[in-house]
Amino acid sequence: MIERALNEASAPLRNGAFVAVVGPSGAGKDTIIDFARAVLGGEPGYHFVRRVVTRPSSADTEVHDTLSEEQFLAAKRAGEFSHSWEAHGLYYGLPRSVDDEIERGAVAVANVSRGVLPALREAYSNFLVVHITASHEVLAKRLSSRGREDAEEIRRRLTRAAPNPCDPSGAVMIDNSGAVSDSGNEFVAVLKRTAAFVAVSE
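What comes next is a walk through the structure. (Residues numbered from 1 in each chain as written. Predicted model: local features only at pLDDT ≥ 70, side-chain atom pairs only at ≥ 80, totals over all residues. Heavy atoms only, no water.)

1. Overview of the side chain of Asn111
This is how the line gets drawn: Runs of E in the DSSP output that reach at least two residues are strands. Runs of H or I that reach at least four are helices, and both are numbered from the N terminus. The contact criterion used throughout is that any non-hydrogen atoms of two residues lie within 4.5 Å.
Note that Asn111 resides in strand S7 (residues 107-111). If we skip the residues at most four places from it in the chain, Asn111 touches Val21, Lys29, Asp30, Ile33, Arg51 and Trp85.

And the structure:
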C-alpha cells in the first residue's frame, strides 16, 4: 500500500517522507496525531509538525504557535514557512524546519488543508495522504460539544464533510468513529510502514 501511495515522481526533497493528515472538522485529526506522538515521539525518525496559526492556543485546540495576521504575513514574506494556506478565516503555516527534517530522512506528520496537497506533492518525492473521517452522527456530536461554532457553522462544516470530488484520491482512510486507541494504532501502523519504506529506499 505504501509503495503505491507514495509519490515516486522527482521532487526536491526525497530522503524522508511527508504524511499529510486531512479530514473534516470533528473527525479527531489532532487527537489521532497526538496518540501517535505519544507512541512514537521518543523514537528517532519521526517529526510531528507544530503548526503556526493566527488563532490563540487553548485547551480545546491543538498545541500550536500563534501569530497575529500581520505577523504571519510578514513571516511568510520572509520565507519562514515551507508551506502555508488560509482556511476558515485563519492563516496556517508549516515552519521551514519541516524541510530540514525530511532532508535528513525523517517522516514528517502534519494536519493540513486539502487545498495545499498539490503543493506538498510537488515538494516531496515520498508523500502520503491519510484521511481521518467519522460518521455524520459522531461529527455532529463532536462539533456541538466543543462549543466553538454556532448551529449554522456546524451545518456548513457537516456539509463540507460529505464526500466530494476534492477528497484526495489514493489516501489511506481511517475511520475514527469508535475508540481512539483503535484508529490511533491504525495510524501508528501507517507511520511505521512509511518509515520502513523510507529506510529501504535510502
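Back to the write-up after that little detour.
2. Some words on the pairing of strand S5 (residues 81-87)
So the rule is basically this: Between buried and exposed lies partly exposed: a residue is buried under 20% and exposed over 50% of the maximum accessible area for its type, with that area taken using a 1.4 Å probe on protein chains only. Each pair of strands is called paired provided DSSP finds at least two bridges between the two strands.
With five of seven residues buried, S5 is to be regarded as a mostly interior element. Here six bridges tie S5 to strand S6 (residues 90-95), and the two strands are oriented antiparallel to one another. Paired with Glu86 across the bridge in S6 is Tyr91. In textbook terms, the turn of a hairpin is the stretch between consecutive antiparallel strands, and for S5 and S6 this stretch comprises two residues, one of which, His88, has a positive phi near 55 degrees.

3. Here we look at the sheet that holds strand S3 (residues 52-53)
With respect to topology, four strands assemble into an open sheet ordered S4-S3-S6-S5, the strand pairing being mixed. Edge positions in the sheet fall to strand S4 (65-66) and S5, since each has one partner strand and no second.

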